Amino acid sequence: MLFELSEEQLMIQQAARDFAQVELKPGVIERDEHQKFPTEQVKKLGELGFLGMMVSPKYNGSGMDAVSYVLVMEELSKVDASASVVVSVNNSLVCYGLEAYGSEAQKEKYLKPLASGEKIGAFCLSEPEAGSDATSQQTTAEDMGDYYLLNGTKNWITNGSTASTYLVIAQTHKELRHKGINAFIVEAGTPGFTIGPKENKLGIRGSDTHSLMFNDVKVPKENRIGEDGFGFSFAMKTLEGGRIGIAAQALGIAAGAYELALNYSKQRKSFGKPISDHQAIAFKLADMATHIEAARMLVYKAAWLKDQGKSYTLAGSMAKLFASKVAMDVTVEAVQIHGGYGFVKEYHVERLMRDAKITQIYEGTSEIQKMVISRSILSK
Ligand code: CAA
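Since this is a predicted model, take the numbers as computed values, not measurements.

Novice: Would you take a moment to explain the overall build of the chain for this structure?
Specialist: Scanning the chain from N- to C-terminus turns up 11 helices and 9 strands. Taken over the C-alpha trace, the chain has a radius of gyration of 21 Å; the compact-globule value for 380 residues is 21 Å, and the two agree within 12%. In terms of principal-axis extent, the alpha carbons of the chain reach across some 80 × 45 × 40 Å. Looking at the chain residue by residue over its 380 residues, the buried ones come to 55%. In the chain, once contacts between residues fewer than 6 apart in sequence are set aside, the share between residues at least 24 apart is 74%. Surface summary for the chain: the accessible area is close to 16400 Å², and the carbon and sulfur share equals 55%. Taking the 42 positively charged and 45 negatively charged side chains of the chain as two groups, their mean positions are separated by 4 Å.

Below is the structure:
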């Protein structure tokens, strides 16, 4: 077993760390406060090649491995999870989905500008009544010969109003349940496609989350991804990789809060000494560091399995389940270590605590991860 990162991976990690400090940190409190999308920062992330990290250079991607991707996700998420979710959705769900399962024409037309960061993508699966129960899609895609007619509503869509390219999952043959579902590429501005108001969220407030409405939206047949009925498999396979990205986001949120708490505990004095010299605080830090390291191992292993071309369904769900729990636990403790300062925005940890919660919800709740894990271990 080799636990060392390569020179190249270390360089990529350092670039992401620098970017987070220089570009993300200065405005992060204000963006959170005013729910402001990090437009300029996302543009620069694209220029760095961080929006199409694992895509082949043939399609304008950076051709990096999944381990590098989780390193970047971790570093960005230490500072700004609202920016890192854009990186996660664009890389893991949209670019991966198109590169792995799109036609050559779809890759030329849609993947290239997404991988270069010129355009942003969104992944549209969740519905008012189909979040976890993804087979119960109510959005319909009626086959009209040379096009599909799309009708329905999608909820909580990341990059909802900033995306140009939307991957939309819809039901074509209701009687076939999950085997009758398709995935489509829908362009922003297509007649009948409207975007609802921005959600006012607890966390990742800088990210752009909306409902989407489809009312007799005509989607050309060539925009269906894969064979007729491939949509559910497409969503599941794509989400498997997405879960590694969100696990890395959770890891970064936890690590960011831990670093802040560690530094604060060395500076802040009480009862005549730094609070880190009190065992009550030192033991908290020991637990936080240990849980973060365990989460890191799960996240890196899942990414490594993906790079090896091995199955990562189980590892990805385990990584997401564990890292998101660690993110919650560690951020709560980071606030506690900061005391009253932890409760005010200037110290960053209250934001990280709010941001942590979504990692237990999106791309499959913790309960969904337990379903995937238990099914996997029980079927062996
Ligand atoms: N890969 C390929 N196929 C899969 C699969 C996978 N990982 N998981 C299931 N399938 C297949 C099964 O083999 C089965 O096919 P067959 O009948 O042909 O064998 C079919 O899909 C149905 O499987 P199940 O009977 O297991 O389906 P289920 O309804 O019981 O549940 C589930 C499956 C795992 C719970 C799934 O519904 C799921 O993952 N739900 C959560 C969805 C999710 O993550 N939503 C998040 C929204 S996206 C998001 O958050 C993006 C964002 O903006 C950040």
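Novice: What is the right way to read the UniProt feature "domain: Acyl-CoA dehydrogenase/oxidase N-terminal" (unreviewed entry) in the chain from this model?
Specialist: Here the UniProt-annotated "domain: Acyl-CoA dehydrogenase/oxidase N-terminal" (unreviewed entry) positions come out as residues 6-118. Summarising residues 6-118: 72% helix, 0% strand, and an end-to-end C-alpha distance of 29 Å.

Novice: What should I look at first to understand the packing of helix H5 (residues 81-101) against helix H7 (residues 231-267) in this one?
Specialist: Each pair of packed helices gets described by two things: the angle between the helix axes and the distance between those axes. At their nearest, the axes of H5 and H7 sit 9 Å apart, and the two run at 155° to each other. In this view, H5 runs roughly antiparallel relative to H7, as classed from their interaxial angle. The element H5 and its partner H7 pack so that their crossing is right-handed. Contact residues: H5 offers Ala81, Ser84, Val85, Ser88, Ser92, Leu93, Tyr96, Gly97 and Tyr101, while H7 offers Phe234, Lys237, Thr238, Leu239, Gly241, Gly242, Gly245, Ile246, Gln249 and Ile253. Split into classes, the residues belonging to the contact of H5 with H7 amount to 9 nonpolar, 9 polar and 1 charged.

Novice: How should I be thinking about the packing of aromatic side chains in this particular structure?
Specialist: To describe a pair of aromatic rings, you give the distance between the ring centres and the angle between the ring planes. Enumeration according to the criterion identifies 10 aromatic pairs in this entry. Counting every residue linked through ring pairs, the aromatic cluster contains Tyr96, Tyr101, Phe230 and Phe234. Positioned above the aromatic ring of tyrosine 147 is the side chain of lysine 218, whose terminal nitrogen or guanidinium carbon lies 4.9 Å from the ring centre. Geometry around tyrosine 148 places lysine 221 over its ring, the cationic atom sitting 5.2 Å from the centre.

Novice: Mind showing me how you'd approach helix H8 (residues 279-307) here?
Specialist: Its 29 residues give H8 an end-to-end C-alpha distance of 41 Å, which sits within 8% of 42 Å, the value for a rise of 1.5 Å per residue. Along H8, the residues classified as buried are Ile281, Leu285, Met288, Ile292, Ala295, Arg296, Val299, Tyr300, Ala302, Ala303, Leu305 and Lys306.

Parameters and conventions
- Residues numbered from 1 in each chain as written.
- Predicted model: local features only at pLDDT ≥ 70, side-chain atom pairs only at ≥ 80, totals over all residues.
- Heavy atoms only, no water.
- Helix = DSSP H or I, 4+ residues; strand = E, 2+ residues; numbered from the N terminus.
- Rg over C-alpha atoms; globule rule 2.2 N^0.38 Å.
- Buried < 20%, exposed > 50% of the residue type's maximum accessible area, 1.4 Å probe, protein only.
- Contact = heavy atoms within 4.5 Å.
- Areas by Shrake-Rupley, 256 points an atom, 1.4 Å probe, with all protein chains shown as cover.
- Lys, Arg positive; Asp, Glu negative; His and termini not counted.
- Charge placed at Lys NZ, Arg CZ, Asp CG, Glu CD.
- UniProt positions renumbered as here; feature names shortened; annotations may be inferred.
- Axes fitted to C-alpha atoms, helices over the stretch in contact; angles between N-to-C directions.
- Parallel < 35°, antiparallel > 145°, perpendicular 65-115°, else oblique.
- Left-handed = near helix turned anticlockwise from the far one by under 90°.
- Nonpolar A, V, L, I, M, F, W, Y, C, P; charged D, E, K, R; others polar.
- Phe/Tyr/Trp six-rings, centres within 6.5 Å; stacked < 30°, edge-to-face > 60°.
- Lys NZ or Arg CZ within 6 Å of the ring centre and 35° of its normal.
- Expected span 1.5 Å × (residues − 1).

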